[in-house]
Structure formats: structure tokens, C-alpha cells
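Observations on chain architecture
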Amino acid sequence: MSETTYLIRLAEDDDDFILGLIPRFVDFPLPNGRRRNECIEGIRADLVRHLDEQPPNSFIFVAEDEDAEPVGFIHLQKTQDFFNHRTNCHVSDLAVAEEAEGTGVGKALLDHAYTWAREHKCQYVTIAVFPGNERARKTYEAAGYDLDLCRMAKAVK
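Model, not experiment: these values are computed from the prediction.

**With respect to the environment of Glu-101**
Considering the arrangement of structural elements, one finds Glu-101 in the loop between strand S4 (87-96) and helix H3 (105-119). Judged by its relative accessible area of 39%, Glu-101 is partly exposed. Along the sequence, Glu-101 and Ile-60 sit 41 residues apart, while their C-alpha atoms lie 19 Å from each other. Every residue in contact with Glu-101, bar those within four places of it in the chain, is listed here: Arg-24, Val-96 and Arg-135.

**Things to note about the side chain of Glu-64**
Its location among the elements puts Glu-64 in strand S2 (residues 58-64). A distance of 2.7 Å separates a polar atom in the side chain of Glu-64 from a polar atom in the side chain of Arg-9. Those residues in contact with Glu-64 that sit more than four places away from it in its chain are Tyr-6, Leu-7, Arg-9, Glu-69, Pro-70 and Val-71.

**Observations concerning a nonpolar patch on the surface**
Side chains of Phe-82, Phe-83 and Leu-149 sit close together on the surface and give an oily, nonpolar patch of about 430 Å² of accessible area. As for its placement among the helices and strands, Leu-149 is situated in the segment after helix H4 (134-142).

**Quick notes on the sheet that holds strand S1 (residues 7-10)**
Strand order in the open sheet formed by five strands is S1-S2-S3-S4-S5, and the pairing between neighbours is mixed. Either end of the sheet is taken by a strand with one partner, and the two such strands are S1 and strand S5 (125-127). In this sheet, adjacent strand axes meet at a mean angle of 30° when their direction is disregarded. Packing against the sheet, helix H2 (residues 36-53) makes contact with S2, strand S3 (70-80) and S4, and its axis sits at approximately 80° to S3.

**Re the pairing of S4**
The buried fraction of S4 amounts to eight of the 10 residues, a majority that puts the element mostly inside the structure. Looking at chain direction, S3 and S4 are connected through nine bridges and run antiparallel. When the sheet's bridge partners are listed, Gln-77 is paired in S4 with His-90. Hairpin connection of S3 to S4: six residues between the antiparallel strands, including His-85 at a positive phi of 65°.

**Comments concerning the pattern of salt bridges**
With the rule as written, the count across this model stands at nine salt bridges. Close ionic contact of Arg-9 with Glu-64 constitutes a salt bridge, the shortest N to O distance being 2.7 Å. Of this pair, Arg-9 sits in strand S1 while Glu-64 sits in strand S2, and the two are 55 residues apart along the sequence. Of the residues examined, Glu-64 reaches a relative accessible area of 10% and is grouped as buried. Lys-107 is paired through a salt bridge with Asp-111; the nearest N and O atoms lie 2.9 Å apart.

**What about the nonpolar core?**
Grouped together as the largest cluster of nonpolar side chains are 24 residues, with contacts concentrated most on Ile-74, Leu-76, Leu-94 and Val-105. Of all elements in the fold, only S2, S3, S4, H3 and H4 reach the threshold of two or more residues within this core. For this core, the leading source of residues is H3, giving seven residues. Residues in contact with Val-105, not counting those within four places in the same chain, are Tyr-6, Ala-63, Val-71, Gly-72, Val-96 and Ala-100. Judged by nonpolar contacts, the second largest core, of 20 residues, contains Leu-21, Cys-39, Val-62 and Ala-97.

Rules and cut-offs
Residues numbered from 1 in each chain as written. Predicted model: local features only at pLDDT ≥ 70, side-chain atom pairs only at ≥ 80, totals over all residues. Heavy atoms only, no water. Helix = DSSP H or I, 4+ residues; strand = E, 2+ residues; numbered from the N terminus. Buried < 20%, exposed > 50% of the residue type's maximum accessible area, 1.4 Å probe, protein only. Contact = heavy atoms within 4.5 Å. Polar contact = N/O pair within 3.5 Å; in protein donor to acceptor, adjacent residues only side chain to side chain. Patch = residues over 30% accessible without salt bridge, like charges linked within 9 Å, V, L, I, M, F, W, Y side chains within 5 Å. Areas by Shrake-Rupley, 256 points an atom, 1.4 Å probe, with all protein chains shown as cover. Salt bridge = Lys/Arg side-chain N within 4 Å of Asp/Glu carboxyl O. Pairing = 2+ DSSP bridges. Axes fitted to C-alpha atoms, helices over the stretch in contact; angles between N-to-C directions. Core = buried A, V, L, I, M, F, W, Y, C linked by side-chain atoms within 4.5 Å.

Right, here's the structure in full:
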């Protein structure tokens, strides 16, 4: 079985497609205290800002299948490493359309992030993921990502 090839391009007029994938970001058990609607609204507001304002260190790419249909997207941000101040590439958002899940779109987008990071002389590609998002964690681990930092939280009541 041959691997599907995807065209990955900068997002243009893809706002509806990208924003339509937001529920995929919370399609798993969330940590205690996280509310699905708050997560969705926070992600939506952040993506809308990046799509509208196009900040200089923010890059959104869309993956298309062989029929030129969008099947996923990745949002990359250039960040500065806390410890050594070198440039990193942070995967702020990555989502694959449900009908394209398991076809290699996520891997293709992660490969694109790695290539992009290398071209931009980044030290690391970083990703933050909720612990309960096993689907994403398995994809990241299969692509060679290891645990770097573990963020913990306690609600203030």
C-alpha cells in the first residue's frame, strides 16, 4: 500500500475549514476543571486572531488531498526557548478532519513542521497536548517526539 502524498500550503481563505475543526481539539476526556466550551472558545479566539492579524511569528498551513480538498491544518509559531533563548518552532495547533483520520495527514503535517523548523534554524519543535488526548499523543510519539516539560495545574478555589 502506497503512502498518500499531501500538498501542504500556507492558509489563505481557509478560515471556515480551520475553525470547523476546533471541536476535534476537545474530543477526549479533559483534565479536571477544564470546560469543553471554554476550551473551544479560547482556541477559536486565538485562531481567529492569528488568521485575521497574521502576526510575524505565526504560520498556518493547510494539508490538501489529491482532490485539492483540505484535510488538516497546522499552526506553527516561532518561540524563544526559556532556558537558552534559541529559536524554537512550536506547534500551537494541529487538527485533522475526522474523515481523513488515520491516513497520514497528521504525520505529513508534523514532517512539514520539522522541515520548516530546520529551514528556520530552530533548535526544537515543541508541542503541548492534554494528557487525555491519547490519539494526538500516539501520533506525536510515533513521529519521534519525547516528553520535555510536564505542566501541572491546581485550581484555585
